[in-house]
Amino acid sequence: MSNDKRRSLTIYNHITYFLYVISYFTAGLLWIVPIVMNYAKRHDADGTWLSTHFDWQIKTFWYSIVWFIIGIVITAFALGGFGVSMLADSGNIAIGSTLLGGFGLLIVIFTFIWHLYRIIRGWIALTDGRPVP
């Protein structure tokens with residue numbers, strides 16, 4: 001791979017990492033842009049250390065989506081968001097429902113922190129010129 005192409009892909013990855021960080025301030029509206037960008041250019045980096053960054057970002061996106069949805073579904077189910085009211089008259093059911101809703105919320109919070117950690121870790125590795133695991 002030529003130095004110009006490597007530099008171009010490095011800058012491209014910096015932009016995608018930046019867009020992931022900015023997406024936190026746009027209520028996730030920009031979250032789809034970097035994943036599309038990663039899929040568009042990932043094969044240009046095949047066989048190089050930069051390919052690890054494309055794969056890292058793609059995996060981060062998809063795992064975050066899956067865990068976020070799981071957390072939201074658990075929370076919504078526990079709090080009656082699907083027409084299933086678990087907050088019934090019984091105190092035990094209400095406690096269980098609240099605990100389940102809290103568990104779903106913990107999954108969402110963990111996913112948020114994990115996603116941010118992976119973006120920061122990947123961006124630091126890219127800045128240092130290293131692949132990510």
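No experiment lies behind these values; they were computed from the predicted model shown.

The rules behind these values
- Residues numbered from 1 in each chain as written.
- Predicted model: local features only at pLDDT ≥ 70, side-chain atom pairs only at ≥ 80, totals over all residues.
- Heavy atoms only, no water.
- Helix = DSSP H or I, 4+ residues; strand = E, 2+ residues; numbered from the N terminus.
- Buried < 20%, exposed > 50% of the residue type's maximum accessible area, 1.4 Å probe, protein only.
- Contact = heavy atoms within 4.5 Å.
- Axes fitted to C-alpha atoms, helices over the stretch in contact; angles between N-to-C directions.
- Parallel < 35°, antiparallel > 145°, perpendicular 65-115°, else oblique.
- Left-handed = near helix turned anticlockwise from the far one by under 90°.
- Nonpolar A, V, L, I, M, F, W, Y, C, P; charged D, E, K, R; others polar.
- Phe/Tyr/Trp six-rings, centres within 6.5 Å; stacked < 30°, edge-to-face > 60°.
- Lys NZ or Arg CZ within 6 Å of the ring centre and 35° of its normal.
- Polar contact = N/O pair within 3.5 Å; in protein donor to acceptor, adjacent residues only side chain to side chain.

Colleague: Whenever I open this one, the overall build of the protein confuses me. Can you help?
Modeller: Per the secondary structure count, the protein includes four helices and zero strands. Beginning at the N terminus, the succession of helices and strands in the protein can be written as α-α-α-α. Counting only residues that meet the buried cut, the protein has 32% of its 133 residues in that class. For the protein, the share of sequence-separated contacts (at least 6 apart) that also reach a separation of at least 24 residues comes to 64%.

Colleague: Explanation requested: the packing of helix α2 (residues 32-41) against helix α3 (residues 50-78) in the structure shown.
Modeller: The axes of two packed helices give the description: the angle between them and the distance between them. For the pair α2 and α3, the least separation of the axes is 10 Å and the interaxial angle reads 140°. With respect to each other, α2 and α3 are oriented oblique. Seen along the crossing, α2 lies across α3 with a hand that is left-handed. Where α2 approaches α3, its residues I32, I35, N38, Y39 and K41 are matched on the opposing element by F54, Q57, I58, F61 and W62. Residues belonging to the contact of α2 with α3 are distributed by class as follows: seven nonpolar, two polar and one charged.

Colleague: Sorry if this is basic, but what is going on with the packing of aromatic side chains here?
Modeller: When we look at a pair of aromatic rings, we describe it by the centre distance and by the angle of the planes. In total, this model carries six aromatic pairs according to the counting rule given. An angle of 90° between the planes, with centres 4.8 Å apart, marks the rings of Y24 and F112 as edge-to-face. Within this pair, whereas Y24 is found in the loop between α1 (3-23) and α2, its partner F112 is found in helix α4 (residues 91-127), the two being separated by 88 residues in sequence. Residue Y24 is classed as partly exposed on the basis of its relative accessible area of 25%. Three or more aromatic residues joined by ring pairs form one cluster here, namely W31, F61 and W62. Directly above the ring of Y12 sits K41, whose terminal nitrogen or CZ lies 5.7 Å from the centroid. It is R118 that lies over the ring of W56; its NZ or CZ is 3.6 Å from the centre.

Colleague: Can you help me understand the side chain of S51 in this one?
Modeller: Examined against the element boundaries, S51 turns out to sit in helix α3. Using a relative accessible area of 15% as the deciding quantity, one classes S51 as buried. A distance of 2.8 Å separates the side chain of S51 from the backbone oxygen of T48, its partner in a polar contact. Excluding anything up to four places from it in sequence, S51 contacts A45 and D46.

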